[in-house]
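# Architecture at a glance
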Amino acid sequence: MRIRANNPGPMTLTGTNTYVLTSQDDTSAVVIDPGPEMAEHRQAFLAEVADRDLAAIVLTHQHADHSEMLGSIEQWAPEVPVYAVLERFARHTEPVADGDEIAFGPSPADVLRVVATPGHTSDSISLIHAGALYSGDTILGEGTTIVTHPEGSLRDYLNSLDRLRELLDAGEFAIIEPAHGERIDTPAEVIDYYRSHRLERIEQVKAALEQGASTASEVCDIVYHDVDPSVRPAAEQIVKAQLAYFDALPAADA
Ligand SMILES: [Zn+2]
């Protein structure tokens, strides 16, 4: 079940998706990305959990539109373990890492498998359950995602896309449930598009550097000249990630 928070914006698309998955025997549940601190959103996903045992909360990465609600967890789920890569978010359990399995019910099928997909941020994970990939911000329901700087890494991101493509080809998942936007029924197409889009941008940045651009702002003026002013800060961040990829980040931008 997907519950969308009412926090639409240029970076969140229609809002953050919180997912509530239930165990096969329907007695327990897990929440993926509790989302922004908004009372009505909390009520909405807790209503979905209903009287089931909330066995786990999983965070796909650190950004506030996914994690902020954890700030009030003492009030709504004080005993529930929180699984996250970063120590500061993990609660009543160790930080998670690639390959970990998060159980949320009595059946062996009631498990989320952690796939480390760093890039958007270094702590980004995706989760596989029942043929679906819960991708956080690594893959979005529309457009492409940003590689943040300095939390993220373009090299890691490209490797993560390759890894997801391999897992898809191996039949590990067939659909993608992103943290923003709608379900993706054509994952191969989308992953390949993300990859070619990133490589195309890398070529454009290379060309801009060859034309003499030397700061993130100058590169941004050339490569992202057509973006809406509301996403200019995001464009500058991704340019910094691209320059870091080329080892061409001027000290002033680091
Ligand atoms: Zn994010």
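Now for a description of the structure that goes with this document. (Residues numbered from 1 in each chain as written. Predicted model: local features only at pLDDT ≥ 70, side-chain atom pairs only at ≥ 80, totals over all residues. Heavy atoms only, no water.)

### A closer look at the sheet that holds strand 10 (residues 175-178)
Stated precisely, the cut-off is as follows: Paired strands, in this sense, are two strands between which DSSP finds at least two bridges. Secondary structure elements are taken from DSSP: a helix is a run of H or I of four residues or more, a strand is a run of E of two residues or more, and numbering for both begins at the N terminus. Structural elements are reduced to axes, namely lines fitted to C-alpha atoms, with helices fitted over the stretch in contact, and the angle between N-to-C directions of any two is expressed from 0 to 180 degrees.
Overall, mixed pairing links the 5 strands, which are arranged 6-7-8-9-10 in an open sheet. Either end of the sheet is taken by a strand with one partner, and the two such strands are strand 6 (101-103) and strand 10. Ignoring which end each strand starts from, the neighbouring axes of this sheet average 25° apart.

### Overview of helix 4 (residues 154-169)
Rules: One fewer than the residue count of a helix, multiplied by 1.5 Å, yields its expected span. Only protein chains enter the area calculation, which uses a 1.4 Å probe; residues under 20% of their type maximum are buried, those over 50% are exposed, and those in between are partly exposed. Whether two residues are in contact is decided by their heavy atoms, any of which lying within 4.5 Å being enough. Counting of polar contacts relies on pairs of N or O atoms within 3.5 Å, with two restrictions inside protein: one atom must be capable of donating a hydrogen and the other of accepting it, and residues adjacent in sequence are counted only when both atoms are side-chain atoms.
Look at helix 4: 23 Å from first C-alpha to last across 16 residues, which is about the 22 Å you get at 1.5 Å a residue. Along helix 4, the positions that sit buried rather than exposed are Leu154, Tyr157, Leu158, Ser160, Leu161, Leu164, Leu167 and Leu168. Structurally, helix 4 contributes buried residues whose contacts are with strand 7 (111-116), strand 8 (125-129), strand 9 (132-136), helix 5 (187-210) and helix 7 (232-245). Of the residues that open helix 4, the one with a side-chain oxygen 3.4 Å from the backbone nitrogen of Arg155 is Ser153. Immediately beyond the C-terminal end of helix 4, within one or two residues, lies Gly171, with a positive phi of roughly 80°.

### A look at the coordination of the zinc ion
The condition is simple: In this description, a donor is an N, O or S atom within 2.8 Å of the metal centre, a cutoff extended to 3.2 Å for sodium, potassium and calcium. Water is not part of the atom list, which can make sites seem incomplete. Angular criteria define each label, namely tetrahedral for four donors with all angles between 85 and 135 degrees, square planar for four and octahedral for six donors with opposite donors over 155 degrees apart and remaining angles between 65 and 115, and irregular for whatever fails these tests.
Donor atoms from the polypeptide that bind the zinc ion are His61 (NE2), His63 (ND1), His120 (NE2) and Asp137 (OD), placed at 2.1 to 2.3 Å. Each of the 4 donor atoms bound to the zinc ion contributes to angles spanning 86 to 166°, and the resulting shape is irregular. Counting residues between consecutive donors of the zinc ion along the chain gives the motif H-x1-H-x56-H-x16-D. One end of the pair, His120, is in the loop between strand 7 and strand 8; the other, Asp137, is in the loop between strand 9 and helix 4, with 17 residues separating them in the sequence. Judged by its relative accessible area of 5%, Asp137 falls in the buried class.

### A few points about the packing of helix 4 against helix 5
To keep things clear, this is the line we draw: Here roughly perpendicular refers to angles of 65 to 115 degrees, roughly parallel to angles under 35, roughly antiparallel to angles over 145, and oblique to all remaining angles. The crossing is said to be left-handed when, going from far helix to near helix, the turn is anticlockwise and less than a right angle, and right-handed when the turn is clockwise. Amino acids are sorted into nonpolar (Ala, Val, Leu, Ile, Met, Phe, Trp, Tyr, Cys and Pro), charged (Asp, Glu, Lys and Arg) and polar (every other residue, Gly among them).
Where helix 4 contacts helix 5, the axes come no closer than 10 Å and their chain directions differ by 155°. Judged by the angle between their axes, helix 4 and helix 5 are roughly antiparallel. The two elements helix 4 and helix 5 cross, and the hand of that crossing is left-handed. Within the contact between the two elements, helix 4 uses Leu154, Tyr157, Leu158, Leu161, Asp162, Leu164, Arg165 and Leu168 and helix 5 uses Pro187, Ala188, Ile191, Asp192, Tyr194, Arg195, Arg198, Leu199 and Ile202. Residue classes in the contact of helix 4 with helix 5 are distributed as 12 nonpolar, no polar and 5 charged.

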